[in-house]
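# Residue-level structure breakdown
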Amino acid sequence: MTRIAAVHGTLAPHRYDQSEITDMVARRCLRDGADRRALDRLHRGAKVRGRHMTLPLGQYETLDGFGAANAVFVRTATDMGAKAVREALRLAGLSATDVDLLVFTSVTGIAAPSVDARLAGRLGLRPDVRRVPMFGLGCAGGAAGLARAHDYLLGRPDEVAVLLSVELCSLTFQRDDASLANLVATGLFGDGAAAVVACGSRRTGGAGGPTIVDTRSRLYPGTSRVLGWDVRDSGFRVVLDPEIPDVVRRHLADDVQGFLEDHGLKPKDVTAWVCHPGGPRILEAVGEALDLPEDALDVTWRHLAEVGNLSSASVLHVLRDTLADRRPPPGTPGVLLAMGPGLACELVLLRW
């Protein structure tokens, strides 16, 4: 089994209260004199107190076009990614030359050479490091990236893999867009990064941590327009359908129960649920679908309130906080789960 040796999360430098962000969105997305009560209600309903952003708040009002936003993404993602990976390796007791695989996931910007390639020299990775840049998985990217690193280490159990997620959601801000999806998204998403160091089963050294027992991926037919991007000259315009909680209620319980049954487990055996904070309605749907105890998603709810939804990086922040704060009993099972465009679900079975 793959061992998670360290998890480190970091946040963008500029933090703002939710009310400050709401005021900026009202100025840039609503017509002069328009009634903003619906916007205020949506942003309050996100249950987010504040978020971290890549740029000072006022600069989003003048950041013009996809090219300008993406240039900021490439520069900032490389800087934040380097810091996250360095700290994760330090916590794991490993060096950059120990890394055999670097997986990079993001859905908020693009680069060629990819961000992982730009990081290789800066971090001092070996020239023969294998790289897997992933785009398009959205909020599921953290869970999927962890699963793909596990797949690799099953075949190379003496090696070390690093997963890096950098999501700068604020750079996808669409000015002059008063659509419901955009107003919801502007109240929910923040900027952050996370890095995970994972070791194969025969790899010695490094810090101890939980193991990955198994993974599972699911795509739900007929849901391709439920979540994702419409790519326009102005950048990434969010596709966010109110149907997402209903998809969760229809499918998640069977998927999770079947996954656990393959290992002789039931949901009641799980001692910690590491769940992506998709938003209040989605979290409520997860709790209902899995019939979870009232406090099962406390770490996720707290993360949502403190920093919002960091797309693929969020579930890795929740994993870090679960290990630090919840401290599940050693040897017990845990489930890490996230959903993203497709509509897709990614499940990872952990043993603490």
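Because the structure is a prediction, the values reported are computed rather than measured. (Residues numbered from 1 in each chain as written. Predicted model: local features only at pLDDT ≥ 70, side-chain atom pairs only at ≥ 80, totals over all residues. Heavy atoms only, no water.)

### Structural notes on the overall build of the protein
Helix and strand counts for the protein come out as 10 helices and 13 strands. On C-alpha atoms alone, the protein measures out to a radius of gyration of 19 Å, which is about the 20 Å that the 2.2 N^0.38 rule sets for 352 residues. Its C-alpha atoms put the protein at 65 × 45 × 35 Å along the principal axes. For the protein, buried positions account for 59% of its 352 residues. For the protein, the proportion of contacts with a sequence separation of at least 24, taken over those separated by at least 6, is 81%. Summed over all atoms, the accessible surface of the protein reaches about 14,200 Å², with 50% contributed by carbon and sulfur. (Helix = DSSP H or I, 4+ residues; strand = E, 2+ residues; numbered from the N terminus. Rg over C-alpha atoms; globule rule 2.2 N^0.38 Å. Buried < 20%, exposed > 50% of the residue type's maximum accessible area, 1.4 Å probe, protein only. Contact = heavy atoms within 4.5 Å. Areas by Shrake-Rupley, 256 points an atom, 1.4 Å probe, with all protein chains shown as cover.)

### Regarding the sheet that holds strand β4 (residues 101–106)
Pairing in this open sheet of 9 strands is mixed, and the strands run β5-β4-β6-β7-β1-β8-β13-β12-β11 from one edge to the other. A strand with exactly one partner marks an edge of an open sheet, and here the two such strands are β5 (130–135) and β11 (272–275). Recorded for the sheet is a direction-independent mean angle of 20° between the axes of neighbouring strands. (Pairing = 2+ DSSP bridges. Axes fitted to C-alpha atoms, helices over the stretch in contact; angles between N-to-C directions.)

### Observations concerning the nonpolar core
Residues Leu 89, Leu 125, Leu 164, Leu 171 and Val 197 are the most contacted members of the largest nonpolar core, which totals 49 residues. Going through the elements one at a time, β1 (2–11), α1 (18–29), α3 (65–92), β4, α4 (115–123), β6 (160–168) and β7 (191–199) are the ones with two or more residues in this core. What Leu 164 contacts, discounting residues up to four positions off in sequence, is Gly 81, Ala 84, Val 85, Leu 102, Val 103, Phe 104, Thr 105, Leu 119, Ala 194 and Ala 195. Within the second largest apolar cluster, 41 residues are counted, among which are Ala 185, Val 270, Ile 282 and Val 286. (Core = buried A, V, L, I, M, F, W, Y, C linked by side-chain atoms within 4.5 Å.)

### Description of the packing of α3 against α4
Orientation of α3 relative to α4, taken along the N-to-C sense of each, is 50°, at an axis distance of 10 Å. Here α3 is positioned oblique relative to α4, judged by the angle of their axes. Once α3 is placed against α4, the crossing between them reads as right-handed. Contact residues: Phe 73, Val 74, Ala 77, Thr 78, Asp 79, Gly 81, Ala 82, Val 85 and Arg 86 in α3; Val 115, Arg 118, Leu 119, Arg 122 and Leu 123 in α4. For the contact of α3 with α4, a count of residues per class yields 8 nonpolar, 2 polar and 4 charged. (Parallel < 35°, antiparallel > 145°, perpendicular 65-115°, else oblique. Left-handed = near helix turned anticlockwise from the far one by under 90°. Nonpolar A, V, L, I, M, F, W, Y, C, P; charged D, E, K, R; others polar.)

### A look at the UniProt feature "domain: Chalcone/stilbene synthase N-terminal" (unreviewed entry) in the protein
Per the UniProt record, "domain: Chalcone/stilbene synthase N-terminal" (unreviewed entry) is annotated on residues 16–198. A distance of 33 Å separates the end C-alpha atoms of residues 16–198, which is 44% helix and 19% strand. (UniProt positions renumbered as here; feature names shortened; annotations may be inferred.)

### Observations regarding the UniProt feature "domain: Chalcone/stilbene synthase C-terminal" (unreviewed entry) in the protein
The sites that UniProt annotates as "domain: Chalcone/stilbene synthase C-terminal" (unreviewed entry) are residues 217–351. Secondary structure within residues 217–351 divides into 39% helix and 26% strand; the distance between the first and last C-alpha atoms comes to 19 Å.

### Quick word on unusual backbone geometry
Omega for the bond connecting Ala 112 with Pro 113 falls within 30 degrees of zero, at 5°, which places this linkage in the cis form. Of the consecutive residues Gly 342 and Leu 343, the connecting peptide bond is found in the cis state with omega at -15°. On the secondary structure map, Leu 343 appears in the loop between β12 (333–340) and β13 (344–351). Its identity is not glycine, yet Lys 47 carries a phi of approximately 60°, on the positive side. On the accessibility criterion, Lys 47 (47% relative accessible area) is partly exposed.

### Looking at the domain arrangement of the protein
When the domains of the protein are assigned, the result is domain 1 (3–199) and domain 2 (211–351). In this structure, domain 1 and domain 2 have C-alpha centres spaced 18 Å apart. Both faces considered, domain 1 and domain 2 share a buried interface measuring about 3,900 Å² in area, 67% of it formed by carbon and sulfur atoms. It is Phe 66, Cys 139 and Gln 174 that lose the most area in domain 1 upon contact with domain 2, and together they represent 15% of the buried surface on that side. Across the domain 1-domain 2 interface, the total number found is 1 salt bridge. (Domains from an automatic or database assignment. Buried area = accessible area lost by both parts, 1.4 Å probe. Salt bridge = Lys/Arg side-chain N within 4 Å of Asp/Glu carboxyl O.)

### A few points about α4
Those residues of α4 lying buried are Val 115, Asp 116, Leu 119, Ala 120 and Leu 123. Projected down its long axis, α4 shows its buried positions confined to an angular sector of 145°, all on one face. Buried-residue contacts for α4 involve α3, β4, β5 and β6. Immediately beyond the C-terminal end of α4, within one or two residues, lies Gly 124, with a positive phi of roughly 85°. (Arc of directions from axis to C-beta.)

### A word on the packing of aromatic side chains
This model, assessed by the stated rule, comprises 3 aromatic pairs. Centre to centre, the rings of Phe 66 and Phe 236 are 5.3 Å apart; their planes meet at 65°, and the pair counts as edge-to-face. Of this pair, Phe 66 sits in helix α3 while Phe 236 sits in strand β10 (residues 235–240); the two residues are 170 residues apart in sequence, bridging distant segments of the chain. Classification of Phe 236 by relative accessible area gives buried; the value is 5%. With 5.2 Å between their ring centres and 20° between their planes, Trp 229 and Phe 236 make a pair best called stacked. (Phe/Tyr/Trp six-rings, centres within 6.5 Å; stacked < 30°, edge-to-face > 60°.)

### Here's the deal with the side chain of Asn 182
As for its placement among the helices and strands, Asn 182 is situated in helix α6 (residues 180–186). Its relative accessible area of 4% is what places Asn 182 among the buried residues. Reaching out from Asn 182, the side chain makes a polar contact with the backbone oxygen of Gln 174 at a distance of 3.4 Å. Those residues in contact with Asn 182 that lie beyond four places of it in its chain are Cys 29, Gln 174, Asp 177 and Val 238. (Polar contact = N/O pair within 3.5 Å; in protein donor to acceptor, adjacent residues only side chain to side chain.)

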